[in-house]
Amino acid sequence: MAIKYQQPDEQGYYGSFGGAYVPEMLYPNVEELRTRYLGIMQEPSFQEEFRDLLKNYVGRPTPLYLAKRLSKQHNTTVYLKREDLCHTGAHKINNTIGQILLSHRLGKKRIIAETGAGQHGVATATVCALKGVECIVYMGEKDIERQAPNVARMKMLGARVIPAVSGSKTLKDATNEAIRDWINNPVDTHYIIGSVVGPHPYPDMVARFQSVISEEMRWQLKENTGNELPDYIVACVGGGSNAAGAFYHFLEEPSVRLVAVEAAGHGIGSGFSAATTQLGKPGILHGSKSLLMQTEDGQVVEPHSISAGLDYPGIGPLHAHLYESGRGMFLSATDDEALTSSFELARLEGIIPALETAHAIAALKKMKLKEGDVTIICLSGRGDKDMAAYMKVINQKEEENEQDTTVI
Amino acid sequence: MNRILQLFERKTNNVLNVYCTAGYPRVDSTLFVMKALQDNGADIIELGMPYSDPLADGPVIQQSSMMALDNGMSILKLFAQLKDFRHQIYTPVILMGYMNPVLQYGFEKFCQHAADVAIDGLIIPDLPIHEFETEYSAIIKRYGLSFIFLITPETLEARIRKIDELSSGFIYAVSSSSTTGHTSSDTTGQQAYFKRIQDMKLKNPVLIGFGIRDKETFTGACAYANGAIIGSAYIKSLGNSPNIETSTKEFLSAILK
């Protein structure tokens, strides 16, 4: 029996997922947000400032680009929604612009954030510089190593980057540390969560700020094709913010298939994966009930993905609901498939995507697309931050080629 | 009437609740620690069930939880350890833990097994009031367990009244808005908050926790409440000592003398 997709209710439940499972220490902050976020977001002065910054600072609307050579390669029609062309290089800034304006209206003086790949950290540090607000970013020690360029950017923008050294030392642990910071600084601090995770109202609030992606897709596709509805929208999912934004204005359009691509890491059954819908069970992490990778004893499992932004054992409650209700189609791509797709896009279209985004591109091979199908891929971020991982592949190939020549 | 309620019938001052982590420092040390706490004057034992992501806890309890998990501790193992523990321990015992492991165990099964081994109450800091009322309160009541809610300096009066209605056993007043083990520097603000709670004349007893670490802080808290809760300071003392009994004796006698 199919369950119908539902917008979240007043307590933040999408079907059976969501809610606000927070200790009492966080209750006043979360409650203040819950009662005020929609009102603030609807204020004309807020909308005006938000739209103005998206246009003149972020560079929106981002292009909807018909990728001709990629389309030809897969014998179908593929458009790329170029979120990689946003200021700071990813969609993350749509949300941080919204939240910094909101935090100002809540009278908060200090901003904290968690980051995985560093894109959300950079986007937060950027808007804090823009508004002259103190910024502290928590980042897993392991991610600090593998995303060095973004760490440097955050520091240059004036943010303090604090390593999370507990647990798996990745995004999950950075989020724990940010939440603990918020518990210890409840009055003056706003926590800018970077994804559609966390206690209600964060998943809904972040999805609304990111929904500008699908809002633009509709009119842009109509301009291009005369029809505002594609057959497929494809986006990668860690927590799921770019997917939430790309799906948002198509949720109630049953003809549009929403494809979420998770990180399979070394493979779903390998023990080194981050494909939450495939490996997770209902559970509670970071303040919401969702699907969660965990042991039989309910301890959270350390995930693995080559992409720091997808290296998360949970998924936003909206996506858990899309999965449960059958409204979303969930695929996964391995580390290697993502790497291959990054090179494919670079060579076919002259676009170097982020490793996260490469997972969405990899799904093209798994979707059995027909010639007449129209697909939009949310190109969530650019690959500058991942050049070390890409160089490793290039060096390996060059070494192999050299060996080949010596044999000849 | 469970042991917590009985305790507050006969003792309303200087009630000492001490936290320990199950499976810490060793997987099989749980009962030794509890026995040592009972023998040296603890009135209530708060037994922590270790979790990989303890959001409300500071570094000391995080570390003890991590060690307990590395030791192989789990809820299943804990209930096995607690089978027949009432032969030697008569002190009220509260299980403290986070929602996710309890959900995985099965909420009702968890309450049933807790009641079977004669546990008296639960603290689950990330179980919110809304879900408590709509889904879980009836189950908890069915098994005769107390449920202890937290309040903080930021909790508004109307909400404290509501929490007082929903609580049984006692109310856990967090001394400052912080994670466990944090020491507040604002003693004047803290005293005003304690006084405010005291003047509300709640129907449940109140114990003050977070930052209570020695005789001075314990006595200070007891001036405003029915007692206090010690966690991180005790865990730290256990970690520094090879002998559970002597370190517990030393730690508690310094507070109670």
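Cut-offs applied
- Residues numbered from 1 in each chain as written.
- Chains lettered and ligands numbered in written order.
- Predicted model: local features only at pLDDT ≥ 70, side-chain atom pairs only at ≥ 80, totals over all residues.
- Heavy atoms only, no water.
- Pairing = 2+ DSSP bridges.
- Helix = DSSP H or I, 4+ residues; strand = E, 2+ residues; numbered from the N terminus.
- Axes fitted to C-alpha atoms, helices over the stretch in contact; angles between N-to-C directions.
- Domains from an automatic or database assignment.
- Contact = heavy atoms within 4.5 Å.
- Buried area = accessible area lost by both parts, 1.4 Å probe.
- Polar contact = N/O pair within 3.5 Å; in protein donor to acceptor, adjacent residues only side chain to side chain.
- Salt bridge = Lys/Arg side-chain N within 4 Å of Asp/Glu carboxyl O.
- 1 Å grid on protein atoms, 1.4 Å probe; cavity = no way out; pocket = protein on both sides within 12 Å on 5 of 7 lines; lining within 4 Å.
- Points joined across faces, edges and corners; volume = space filled by probe spheres on them.
- Buried < 20%, exposed > 50% of the residue type's maximum accessible area, 1.4 Å probe, protein only.
- Phe/Tyr/Trp six-rings, centres within 6.5 Å; stacked < 30°, edge-to-face > 60°.
- Lys NZ or Arg CZ within 6 Å of the ring centre and 35° of its normal.
- Expected span 1.5 Å × (residues − 1).
- Arc of directions from axis to C-beta.
- Left-handed = near helix turned anticlockwise from the far one by under 90°.
- Nonpolar A, V, L, I, M, F, W, Y, C, P; charged D, E, K, R; others polar.

Peer 1: Which residues make up the sheet that holds strand S13 (residues 328–334) of chain A, and what are the values?
Peer 2: Residues and elements named next belong to chain A. Spatial ordering of the open sheet is given by S3-S4-S14-S9-S10-S13, a layout of 6 strands whose pairing is mixed. Edge positions in the sheet fall to strand S3 (64–66) and S13, since each has one partner strand and no second. In this sheet, neighbouring strand axes are inclined to one another by 25 degrees on average, regardless of whether the strands run parallel or antiparallel. Note that S3 and strand S4 (residues 77–81) share 3 bridges and pair antiparallel.

Peer 1: Hey, could you go over the domain arrangement of chain A for me, with residue numbers and the actual values?
Peer 2: Residue and element names in this part refer to chain A. Once the domains are mapped, chain A shows domain 1 (13–55 + 92–205) and domain 2 (59–89 + 211–395). Using C-alpha coordinates to define each centre, domain 1 is positioned 22 Å away from domain 2. Contact residues are listed per partner, giving 44 residues for domain 1 and 44 residues for domain 2. Both sides of the domain 1 and domain 2 interface together cover about 3400 Å² of buried area, and 59% of this is carbon and sulfur.

Peer 1: Tell me what's going on with the sheet that holds strand S6 (residues 150–151) of chain B, and back it up with residues and numbers.
Peer 2: Residue and element names in this part refer to chain B. Overall, parallel pairing links the 9 strands, which are arranged S5-S4-S3-S2-S1-S9-S8-S7-S6 in an open sheet. Strands at the two margins of the open sheet, each flanked by one partner only, are strand S5 (146–147) and S6. Where strand S1 (residues 15–21) lies against strand S9 (residues 227–230), 4 bridges are found, and the strand directions are parallel. Directly across from valine 18, in S9, lies its bridge partner isoleucine 230. The strands that helix H10 (residues 215–222) touches are S1, strand S8 (206–209) and S9; relative to S9, the one it contacts most, it runs at about 140 degrees.

Peer 1: Break down the side chain of glutamine 147 of chain A for me, with residues and values.
Peer 2: Residues and elements named next belong to chain A. Relative to the assigned elements, glutamine 147 resides in the loop between helix H6 (141–146) and helix H7 (148–156). One polar contact links glutamine 147 to aspartate 386, side chain to side chain, over a distance of 3.4 Å. Setting aside chain neighbours within four positions, we find glutamine 147 in contact with Gly116, Ala117, Met139, Ala308, Lys385 and Asp386.

Peer 1: Break down the interface of chain A and chain B for me, with residues and values.
Peer 2: Taken residue by residue, the interface counts 36 residues in chain A and 36 residues in chain B. Three residues, Glu24, Met25 and Arg180 of chain A, lead the burial of chain A against chain B; their summed loss comes to 23% of the area buried on that side. Run the count over chain A and chain B and you get 2 salt bridges. For lysine 172 of chain A, the salt bridge is made with aspartate 53 of chain B, and the minimal N-O distance between the two is 2.8 Å. Linking chain A with chain B are 20 residue pairs in polar contact (both at pLDDT 80 or more), by the criterion used here. Broken down by secondary-structure element, the contributors of at least two residues to the side of chain A that touches chain B are helix H1 (27–42), helix H8 (171–184), strand S11 (281–285) and strand S12 (288–292) of chain A.

Peer 1: Tell me what's going on with empty space enclosed by the protein, and back it up with residues and numbers.
Peer 2: In this approach, a probe sized like a water molecule rolls over the atoms, and the result shows the empty space that is left. All names here are of chain A. Counted according to the given criterion, the structure contains 5 cavities of 30 Å³ or more. Taken as a whole, the largest cavity spans an internal volume of roughly 350 Å³. For the largest cavity, the lining is made up of 31 residues, of which His91, Lys92, Ser241, Gly309 and Glu356 are closest to its centre. Where the lining of the largest cavity is concerned, the elements lending two or more residues are strand S5 (110–115), helix H5 (119–131), H8, helix H11 (241–247) and helix H15 (355–362).

Peer 1: Go over the pattern of salt bridges with me, naming the residues and quoting the values.
Peer 2: Residue and element names in this part refer to chain A. Inspection of every chain in the model, using the stated rule, returns 34 salt bridges over all chains. Measuring nitrogen to oxygen at the nearest pair gives 2.8 Å for the salt bridge that ties glutamate 356 to lysine 385. Pair noted here: glutamate 356 is in helix H15 and lysine 385 is in the loop between strand S14 (374–378) and helix H16 (387–407), with a separation of 29 residues, a long-range link. For glutamate 356, a relative accessible area of 9% puts it in the buried group. One connected set of salt bridges, linked through shared partners, spans Glu43, Glu49, Arg105 and Lys131.

Peer 1: Could you give me a rundown of the packing of aromatic side chains, with the residues and numbers involved?
Peer 2: On inspection of all chains with the given rule, the structure shows 21 aromatic pairs over all chains. With a centroid separation of 4.9 Å and 65 degrees between ring planes, the pair formed by phenylalanine 147 of chain B and phenylalanine 149 of chain B is classed as edge-to-face. Judged on exposure class, the residue phenylalanine 147 of chain B and its partner phenylalanine 149 of chain B are both buried. These aromatic residues form a ring-pair network of at least three members: Phe46, Phe50 and Phe209 of chain A. One cation-aromatic arrangement involves lysine 397 of chain A over phenylalanine 343 of chain A; the distance from NZ or CZ to the ring centre is 5.1 Å. Above the plane of the ring of tyrosine 105 of chain B lies lysine 109 of chain B, whose end atom (NZ or CZ) is 4.7 Å from the centre.

Peer 1: Can you explain helix H12 (residues 244–256) of chain B? Please cite residues and give values.
Peer 2: All names here are of chain B. Along its 13 residues, H12 runs 18 Å from first to last C-alpha, staying within 8% of the 18 Å computed at 1.5 Å per residue. Residues of H12 that are buried: Ile244, Ser247, Thr248, Phe251, Leu252 and Ile255. Looking straight down H12, one finds that the buried residues subtend no more than 115 degrees of arc, so they occupy a single side. Among the exposed residues of H12, those oriented more than 90 degrees off its buried face are Glu245, Lys249 and Glu250. On its buried face, H12 sits against S1, helix H2 (30–39), H10, S9 and helix H11 (232–239).

Peer 1: I'd like a description of H8 of chain A, backed by residues and values.
Peer 2: Counted at 1.5 Å a residue, the expected span for H8 of chain A with its 14 residues is 20 Å, and the 20 Å between its end C-alpha atoms agrees. The buried count for H8 of chain A comes to 13 of 14 residues, which makes it a mostly enclosed element.

Peer 1: Tell me about the packing of helix H2 (residues 44–58) of chain A against helix H4 (residues 92–105) of chain A, residues and numbers included.
Peer 2: Residue and element names in this part refer to chain A. Look at H2 against H4: their axes get within 10 Å of each other, and the N-to-C directions meet at 145 degrees. Handedness of the crossing formed by H2 with H4: right-handed. Contacts between H2 and H4 pair Ser45, Phe46, Glu49, Phe50, Leu53, Leu54, Tyr57 and Val58 from the former with Ile93, Asn94, Ile97, Gly98, Leu101, Leu102 and Arg105 from the latter. When grouped by side-chain class, the residues that make up the contact of H2 with H4 number 10 nonpolar, 3 polar and 2 charged.

Peer 1: Can you lay out the environment of tyrosine 193 of chain B for me, pointing to particular residues and giving the numbers?
Peer 2: All names here are of chain B. Tracing the backbone through its elements, the reader meets tyrosine 193 in helix H9 (residues 187–199). Overall, the relative accessible area of 4% leaves tyrosine 193 in the buried class. Remark: the alpha-carbon pair of tyrosine 193 and threonine 152, spanning 41 residues in sequence, is separated by 8.8 Å. Ignoring anything within four residues of it in the chain, the contact list for tyrosine 193 reads Ile151, Thr152, Pro153, Ala173, Val174 and Ser175.

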